[in-house]
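# Results of the structural survey
Each chain, letter by letter, is given below.
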Amino acid sequence: MKKTLIAGNWKMNKTPTESITFVKDLLERTKNYNDRDILICPPFTSLYPISTVLKNTFLFLGAQNVFYEEKGAFTGEISPLMLKDIGVDFVICGHSERRNIFGETDEIINKKIKKVVQNGINPILCIGEKLEERETGKTFEIIKKQLENCLIDFEDIEKLTIAYEPIWAIGTGKNATPQQVEEVHTFIRNWVGKKYGQNISDSIRVIYGGSVSPENIDDLMKEKDIDGVLVGGASLDIDKFSRIIDYK
Ligand code: PGA
């Protein structure tokens, strides 16, 4: 059975010291569920210290970004080879903040997810529309274009998690309704099914991100095509994140 994925994206928050305190606390408060995986994506500086705490535990470790080359003259970048070496399991690729603030394109994201799987790490591909695109009825067109471009010549679909993150719902407190999310997830699953086959499409995880909170998690997780969540703000608070993980 496919497990759901509850992922915390800390963005540029928490020092290494704060990160260690948090994950130790989280390990105490949560348990190894049979039906869900739990993932923490801290800043780069916290990855190694956290990896030493998480070794042989049920918590997964993820990075928030990566470069698409393994080594070389790329000042300031981090490669998948380096992430693999410290036990990173997942990498978020193409988060809307990377697209909008740092100019990442679908083409760059396509290179990243390919390099990530080549190095034995699981990419989480983020896609999602802007508010004006939703309001002008372009949501499905945008999602389709992002899927087409980001998955060009990408074969290892079973390693991929797709995160639907409508930009208007990120960090705004304005979450998409479970029905709005479900209809986009169904669209994504059908698109993947056409390109890669229905069995694969049913087996990969399509997760939602955008103002997920203890208040809306239970309703979101009741939808058939929502296989988990990518949590920003609420993952920084141990009480809130533990409650989200413990969704009913
Ligand atoms: P948020 O962020 O939960 O703070 O809206 C989600 C994300 O950016 O992944």
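Now for helix H8 (residues 178-196). Residue pairs spaced three or four apart in an α-helix point in one direction, given the helix's 3.6 residues per turn. Over its 19 residues, H8 runs 26 Å from end to end, which matches the ideal 27 Å to within 8%, given 1.5 Å per residue. When we look at burial in H8, the residues that qualify are Pro178, Val181, Glu182, Val184, His185, Ile188, Arg189, Trp191, Val192, Gly193 and Tyr196. Within two residues after H8, glycine 197 carries a phi angle of roughly 105°, on the positive side.

Our next topic: the sheet that holds strand E3 (residues 59-63). Reading around the barrel, the eight strands line up as E1-E2-E3-E4-E5-E6-E7-E8 and close back on themselves, with parallel pairing between neighbours. Sheet twist, expressed as the average angle between the axes of neighbouring strands with direction ignored, equals 25°. One ladder, built from four bridges, connects strand E5 (residues 122-127) with strand E6 (residues 161-164); its direction is parallel. Bridged to isoleucine 127 within E6 is tyrosine 164.

Once that is clear, we can look at the nonpolar core. Of all hydrophobic cores here, the largest spans 61 residues; its most connected members are Val91, Leu151, Ile188 and Tyr208. Per-element tally for this core: the top contributor is H8, with six residues. Grouped together as the second largest cluster of nonpolar side chains are 11 residues, Leu5, Ala7, Ile92 and Ile207 included.

Attention now moves to the site of the ligand. The local shell around the ligand holds 13 residues, among which Lys11, His95, Glu165, Gly171 and Ser211 are the closest. Contact between the ligand and histidine 95: an oxygen atom at 2.6 Å from a side-chain N or O atom of the residue. At 2.8 Å from an oxygen atom of the ligand is found a main-chain nitrogen or oxygen belonging to glycine 232. In isolation the ligand exposes 280 Å². Once the protein is present, 95% of that is buried. For the shell around the ligand, the class distribution of residues is four nonpolar, seven polar and two charged.

Reading the values: rules and limits
- Residues numbered from 1 in each chain as written.
- Predicted model: local features only at pLDDT ≥ 70, side-chain atom pairs only at ≥ 80, totals over all residues.
- Heavy atoms only, no water.
- Helix = DSSP H or I, 4+ residues; strand = E, 2+ residues; numbered from the N terminus.
- Expected span 1.5 Å × (residues − 1).
- Buried < 20%, exposed > 50% of the residue type's maximum accessible area, 1.4 Å probe, protein only.
- Pairing = 2+ DSSP bridges.
- Axes fitted to C-alpha atoms, helices over the stretch in contact; angles between N-to-C directions.
- Core = buried A, V, L, I, M, F, W, Y, C linked by side-chain atoms within 4.5 Å.
- Near = heavy atom within 4 Å.
- Polar contact = N/O pair within 3.5 Å; in protein donor to acceptor, adjacent residues only side chain to side chain.
- Areas by Shrake-Rupley, 256 points an atom, 1.4 Å probe, with all protein chains shown as cover.
- Nonpolar A, V, L, I, M, F, W, Y, C, P; charged D, E, K, R; others polar.

Worth remembering: the numbers are spatial, not functional.
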